[in-house]
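# Coordinates in review
Now for the letters of each chain:
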Amino acid sequence: MSSYRIALLPGDGIGPECMDATHRVLDHMVNQIDGLDLGFTSHRAGAELYRDTGETLPAAVLDDCLAADAVLLSAIGLPDVRYPDGTEVQPTMMVGLRRALAVHSAVRPVKLYRGAPGVLKDTGPGIDFVIIRENLEGLFASFGGGSRVGDEVATDTLVVTRKGTSQVSDFAFRLARRRNGRPVDGKKMVTCVDKANVFQSMAFFRKVFFDVAKDYPEIQADAVYVDAMSLYMVQNPWDFDVLVMENQFGDILSDLGAGLVGGLGLGPSAEIGQEHGLFQPSHGTAPQLAGKNVANPLATILSAAMMLDWLGDKHNDAVCLGAAVDLEQAVEKVITDGNVITPDMGGNATTSQVADAVCDALGCDTPGHDARSVATPAT
Ligand code: ATP
């Protein structure tokens, strides 16, 4: 039996409530599932810690994240906690953590669960695609850099390297291999989203993408400009399976994706590198909801399902892989039943009641369900 140590960073705002709910569900699974062994260490990090101590991510906490088998983070940042230059502490901490863990690919599933409050009138054969965002370079390579000339000129540089683009493209194809293809016809495909008609950097991104695609002849590779993709995501999202793109494009399109399938409270994410995996909901800290026990914990719980899938794939651990499927099925059952959902989804349940409902749903049969959206291949 393998045992995994998970570093928990509950963070700020609604982060701790969503983390408590998720921790409760994971503890429940450890008690229920033979052979599932997860241990947890929990650390303060983020804006409140900065307010108290002047540090967002102490060296000892980062060391523990590096030593852990996976890192599960809730939400970081508070708008009123800022550095002396007026910027928020969250971006600096998150970019630092990503760089330290070298997590090159961010995975954002965009899946419309039955019963979720989607915004499209026509959902065709369903929505189930994944956005892969290059996570360490692109426009974010300039973070902490850039240049400013007095009050007249400011620049940031978009960086695309063969190594970074190959890594994220390869990850996208391996993910497509583990999925069942696009909803419209089951075809496995990876779409490069870029602006190759205008920018050198993007033309290079596309070129490297197609170089990598040669290693995956069984998966269709194509490319779409980012502006057109914003349209297609709304008009015919069922035509897509896996999308891969530069960092800033991924940042923007993944929020559009979350909006399509029920909002930020339902959007999980994973950030994956050669060695490390960082899992967190795609939402922020929603400070106006903090401490009220009304935040939706499902994005964090689904992020934990992605973590179980990644650990299972990395360690060839069937128990963990099965636990990931069970957990996604339980979440889908809670959403589909619709009796215990938080106000953002139109219900009146509390955060803790949703956690209890997920625990109750674990172990219930959900025939016909296909839990592919949490697939998170290890590198
Ligand atoms: P950040 O800048 O930290 O990424 P953001 O601008 O994306 O944050 P969030 O704090 O994530 O903003 O959320 C925006 C709004 O979405 C919140 O004010 C809240 O109304 C809603 N929201 C986000 N996450 C949740 C959640 N888990 N449960 C309920 N509502 C949520």
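Calculation notes
- In this convention, every chain numbers its residues from 1, walking through the sequence in written order.
- Local features in a predicted model are, by the rule used here, given only for residues with pLDDT of at least 70; side-chain atom pairs are given and counted only at 80 or more, and totals for whole chains, interfaces and linings are based on all residues.
- Hydrogens and waters are ignored; side-chain quantities use all the structure's heavy atoms.
- Neighbouring residues are identified by heavy atoms, a residue being near a molecule or strand if any of them is within 4 Å of it.
- N or O atoms within 3.5 Å of each other form a polar contact, as long as, within protein, one can give a hydrogen and the other can take it, and as long as residues adjacent in sequence are counted only when both atoms are side-chain atoms.
- For accessible areas, the Shrake-Rupley method is used with a probe of radius 1.4 Å. Any residue's cover is judged against the shown protein chains and nothing else.
- Every helix listed is a DSSP run of H or I at least four residues long, and every strand listed is a run of E at least two residues long, numbered separately from the N terminus.
- One less than the residue count of a helix, multiplied by 1.5 Å, gives the span that helix is expected to have.
- Three labels apply to residues, based on accessible area from a 1.4 Å probe with only protein chains included: buried if under 20% of the type maximum, exposed if over 50%, partly exposed otherwise in between.
- UniProt positions are given in the numbering used here, feature names are shortened, and annotations may be inferred rather than shown by experiment.
- Within this scheme, the nonpolar core is defined by two criteria: the residues are buried Ala, Val, Leu, Ile, Met, Phe, Trp, Tyr or Cys, and they are joined through side-chain atoms within 4.5 Å.
- Note that domain bounds follow an automatic or database assignment of domains.
- The contact definition used throughout considers only heavy atoms, calling two residues in contact when any of these lie within 4.5 Å.

### Some words on the site of the ligand
The environment of the ligand is made up of Ile-14, Leu-264, Gly-265, His-283, Gly-284, Thr-285, Ala-286, Gln-288, Leu-289, Ala-295, Asn-296 and Asp-344. Within the backbone of Gly-284, a nitrogen or oxygen atom sits 2.3 Å from an oxygen atom of the ligand. Asn-296 is positioned with one of its backbone polar atoms (N or O) 2.9 Å from a nitrogen atom of the ligand. Bound to the protein, the ligand loses 61% of the 620 Å² it would expose on its own.

### Remarks on helix α5 (residues 162–178)
Between the first and last C-alpha of α5 there are 24 Å, a value that for 17 residues agrees with the 24 Å anticipated at 1.5 Å per step. Turning to α5, its buried residues number three or more, namely Gly-164, Thr-165, Val-168, Ser-169, Phe-171, Ala-172, Phe-173, Arg-174, Leu-175 and Ala-176.

### Some words on the UniProt feature "domain: Isopropylmalate dehydrogenase-like" (unreviewed entry) in the protein
Here the UniProt-annotated "domain: Isopropylmalate dehydrogenase-like" (unreviewed entry) positions come out as residues 5–358. Secondary structure content for residues 5–358 is 42% helix and 18% strand, and the end C-alpha separation is 22 Å.

### Brief notes about the nonpolar core
In summary, soluble globular proteins display a tendency toward joint burial of nonpolar side chains. One finds Met-29, Ile-132, Leu-308, Leu-327 and Val-358 to be the most contacted residues of the largest nonpolar core, which totals 70 residues. Here this core takes 10 residues from helix α9 (residues 298–314), the largest share from any one element. For this core, the domains that each give at least three residues are domain 1 (1–106 + 264–379) and domain 2 (119–260). Other than its neighbours up to four places away in sequence, Leu-327 contacts Val-25, Met-29, Ile-301, Ala-304, Ala-305, Leu-308, Val-358 and Leu-362. Listed in part, the 18 residues of the second largest apolar core include Ile-127, Met-202, Leu-243 and Phe-249.

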